[in-house]
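For reference, the chains in residue letters:
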Amino acid sequence: MPRLVLTVIGDDRSGLVRALADVVTEHGGNWEESQLAELAGKFAGIVVVSVPEDRAEEFATSLSTLDGLLEVAAHPGAEPEAEIQAGPAATDQLTIDLLGNDHPGIVREVSTVLSHHDLSIETMTTGTREAPMAGGLLFEAHVVVDVPAGSDTSALRADLERLAAELLVDIAVA
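Residues numbered from 1 in each chain as written. Predicted model: local features only at pLDDT ≥ 70, side-chain atom pairs only at ≥ 80, totals over all residues. Heavy atoms only, no water.

The name an unreviewed UniProt entry gives the protein chain is Glycine cleavage system regulatory protein, with Humibacillus xanthopallidus as the organism.

Have a look at this one:
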């Protein structure tokens, strides 16, 4: 069955996941993976579904029935075998945790270092919270990156340590 990657966004309220799941099920589809969250009053996410090939076009068209609840865009996804063959041979994953005073540019700077080392972000979660003693906001990030065979992780660690000093944040790599 073809896999589709759905991007979804709408005003947060109860029943949004159920409404999308109903459309998937009505077309013989299977909900495979998702990452969904409420952010700033919006409910947003990405969902991977597989739908029988003979019903894929009908499924994509029927997503418009969710207008008013969710804006949904369907994109063709890679088959599981193609994902394995296309991706670099990842021998490990690194977890990067960052915490420091919030200011513009943190994500850009961290992602630039990762890109320089040809690392792909598997997942990234970021957020802000009140600084308990100092006031203001703290920015925190949890990033998991795939590390291809032969990557120089010591150079990556050195670049991240340099960046932490420049940005005045704490970065832990595990």
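From this point, things continue past the structure.
Caption draft 1: Broad picture of the overall build of the protein chain. When its secondary structure is counted, the protein chain shows five helices and eight strands. Helices and strands in the protein chain line up, N terminus first, as β-α-β-β-α-β-α-β-α-β-β-α-β. A globule of 174 residues ought to have a C-alpha radius of gyration of about 16 Å, yet the protein chain, at 20 Å, is considerably larger. With respect to the principal axes defined by its C-alpha atoms, the protein chain has extents near 55 × 45 × 20 Å. Classification of the 174 residues of the protein chain by burial places 30% in the buried group. Expressed as a percentage of contacts within the protein chain between residues at least 6 apart in sequence, the contacts between residues at least 24 apart total 72%. Within the structure as shown, the protein chain displays about 10400 Å² of accessible surface, and the carbon and sulfur contribution to it stands at 53%. (Helix = DSSP H or I, 4+ residues; strand = E, 2+ residues; numbered from the N terminus. Rg over C-alpha atoms; globule rule 2.2 N^0.38 Å. Buried < 20%, exposed > 50% of the residue type's maximum accessible area, 1.4 Å probe, protein only. Contact = heavy atoms within 4.5 Å. Areas by Shrake-Rupley, 256 points an atom, 1.4 Å probe, with all protein chains shown as cover.)

Caption draft 2: How the structure looks around a nonpolar patch on the surface. Taken together, the side chains of V107, I121 and M124 make up a nonpolar region of the molecular surface, amounting to roughly 220 Å² of accessible area. Looking at the secondary structure, you find M124 in strand β6 (residues 120-130). Residue classification places M124 among the partly exposed positions, given a relative accessible area of 41%. (Patch = residues over 30% accessible without salt bridge, like charges linked within 9 Å, V, L, I, M, F, W, Y side chains within 5 Å. Salt bridge = Lys/Arg side-chain N within 4 Å of Asp/Glu carboxyl O.)

Caption draft 3: Seen up close, the side chain of H27. Within the element layout of this structure, H27 appears in the loop between α1 (16-26) and β2 (30-39). Its relative accessible area of 6% is what places H27 among the buried residues. At a separation of 2.8 Å, a polar atom in the side chain of H27 contacts the main-chain carbonyl oxygen of V23. Not counting residues up to four positions away in its chain, the partners in contact with H27 are V51, P52, R55, E58, F59 and S62. (Polar contact = N/O pair within 3.5 Å; in protein donor to acceptor, adjacent residues only side chain to side chain.)

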